[in-house]
Amino acid sequence: MPAFLSLAFARIADIVWPRVCAVPECGRPVDRPGRHLCSRCHASLPWLEGGGACRSCGRTIPSEAPHDFVCDDCRAMRPAFEFARAAVRYSDPAARLVKDFKFRNALWLREDLVDLLEATVRAKLDAPAIDLVVPVPLHPFRRLQRGYNQSALLAESLAKRLGRRFDASALRRRWNTEHQTRLSGKAARAKNIKRAFAVRRPKSVRGRTVLLVDDVMTTGGTLNECARPLIAAGASRVWCATVARA
Ligand SMILES: [Zn+2]
Ligand SMILES: [Zn+2]
């Protein structure tokens, strides 16, 4: 369906069946066509913007740090990705929306979450330079359990909005790792995902600027383990965008 028609349908549907904002404490009707967050809740999410940030992973830092500041974690990890940027802090209500989308089949939140990714990529990265949008893959077993890969859904919509190519299968997960969030300690997390990802067809990424998409960034370890084989396969650079940052 052409975009203007689906927008028109969304507007009509909103008048006929007004939706209530997805933030439970809000209760206001949704005033953004085709979305589930009202404009007030959308604007008051814990946006990560302004102030200083690590030039590599985007972690916010005291603003008196120099412009080309690189944080201790990035100095230690020396990430294979060039930049990682997130839209919002992983705290409520954003964290709850992400969890609902990921674990509770709240797929209707997809475009609201892609709004956050799109705003971040356009503001903090060079969107027209991106050749390929690639999601962090799920292991096929977990994909089967959950029924979908939340990162692939986000990456696909984002690629469409940016007019860039989407490749769901550029990376594969070599084994089914533990949930990073269930492991305590940086060392355990790093070991859990070490070399967990591989590039399917090196030719498809060679010389490309790849945008990796995931829902949440914690230490950056997963994004780094994805970026590593991409760079090894000849990608010219890897950038990362996530909805939230823990
Ligand atoms: Zn609201
Ligand atoms: Zn950093």
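Shown above is the structure to which this text applies.
Presented here is an overview of the structure given in this document. Since the model is a prediction, treat every value here as computed from it, not as a measurement.

This brings us to helix α5 (residues 110–124). Its 15 residues give α5 an end-to-end C-alpha distance of 21 Å, which sits within 8% of 21 Å, the value for a rise of 1.5 Å per residue. Within α5, the full set of buried residues consists of Asp-112, Leu-113, Val-114, Asp-115, Leu-116, Leu-117, Glu-118, Thr-120 and Val-121. Looking at the buried side of α5, the elements it contacts are α2 (39–43), β3 (83–89), α4 (94–103), α7 (150–162), β8 (209–217) and β9 (237–245).

Interaxial distance between α5 and α7 falls to 9 Å at its minimum, and their mutual angle equals 55 degrees. Judged on the interaxial angle alone, α7 and α5 are oblique. In this structure, α5 crosses over α7, and the sense of that crossing is right-handed. Taken together, the residues of α7 that come into contact with α5 (itself represented by Arg-110, Glu-111, Leu-113, Val-114, Asp-115, Leu-117, Glu-118, Val-121 and Arg-122) are Leu-153, Leu-154, Glu-156, Ser-157, Leu-158, Arg-161 and Leu-162.

Next up on the list: the nonpolar core. Judged by nonpolar contacts, the single largest core of 41 residues is most densely connected at Cys-21, Val-121, Leu-154, Leu-158, Leu-211 and Val-213. Listing elements by their share of this core, those giving two or more residues are β3, α4, α5, α7, β8 and β9. Among the elements that make up this core, the one with the highest residue count is α7 (6 residues). Filtering out sequence-adjacent residues up to four positions away, Val-121 remains in contact with Ala-127, Ile-130, Leu-158, Leu-162, Leu-211 and Ala-241.

With that settled, the discussion passes to the environment of Asp-100. Its location among the elements puts Asp-100 in helix α4. Sequence-distant contacts of Asp-100, defined by excluding residues within four places in its chain, comprise Asn-105, Ala-106 and Leu-109.

This part covers the pattern of salt bridges. The final tally for this structure, using the stated rule, is 14 salt bridges. Note that Glu-25 is salt-bridged to Arg-96, the shortest N-O span being 3.2 Å. In this pair, Glu-25 sits in the loop between α1 (3–16) and α2 while Arg-96 sits in helix α4, placing the two residues 71 residues apart along the sequence. Here Arg-96 falls in the partly exposed class, since its relative accessible area comes to 27%. The salt bridge partner of Asp-115 is Arg-161, with a shortest N-O separation of 2.7 Å. On the criterion of sequence distance, the pair formed by Asp-115 in helix α5 and Arg-161 in helix α7 is long-range, its members being 46 residues apart. A residue is classified by how much of its surface remains accessible, and Asp-115, at 11% relative accessible area, is buried. The partly exposed category is assigned to Arg-161, whose relative accessible area is 23%. Ionic contacts of the salt-bridge type, sharing partners, join the residues Arg-32, Arg-35, Glu-111, Asp-112, Asp-115, Glu-118, Arg-122 and Arg-161 into one network.

All right, on to the packing of aromatic side chains then. Each aromatic ring pair is summarised here by two numbers: the centre-to-centre distance and the angle between the ring planes. In total, this model carries 2 aromatic pairs according to the counting rule given. For the pair Phe-83 and Trp-239, a centre-to-centre distance of 6.3 Å together with 40 degrees between the ring planes defines the contact as tilted. Residue Phe-83 is located in strand β3, and its partner Trp-239 is located in strand β9; the two are separated by 156 residues in the primary sequence. Residue Phe-83 is classed as buried on the basis of its relative accessible area, which comes to 17%. Exposure remark for Trp-239: the relative accessible area of 4% places this residue in the buried category.

Parameters at a glance
- Residues numbered from 1 in each chain as written.
- Chains lettered and ligands numbered in written order.
- Predicted model: local features only at pLDDT ≥ 70, side-chain atom pairs only at ≥ 80, totals over all residues.
- Heavy atoms only, no water.
- Helix = DSSP H or I, 4+ residues; strand = E, 2+ residues; numbered from the N terminus.
- Expected span 1.5 Å × (residues − 1).
- Buried < 20%, exposed > 50% of the residue type's maximum accessible area, 1.4 Å probe, protein only.
- Contact = heavy atoms within 4.5 Å.
- Axes fitted to C-alpha atoms, helices over the stretch in contact; angles between N-to-C directions.
- Parallel < 35°, antiparallel > 145°, perpendicular 65-115°, else oblique.
- Left-handed = near helix turned anticlockwise from the far one by under 90°.
- Core = buried A, V, L, I, M, F, W, Y, C linked by side-chain atoms within 4.5 Å.
- Salt bridge = Lys/Arg side-chain N within 4 Å of Asp/Glu carboxyl O.
- Phe/Tyr/Trp six-rings, centres within 6.5 Å; stacked < 30°, edge-to-face > 60°.

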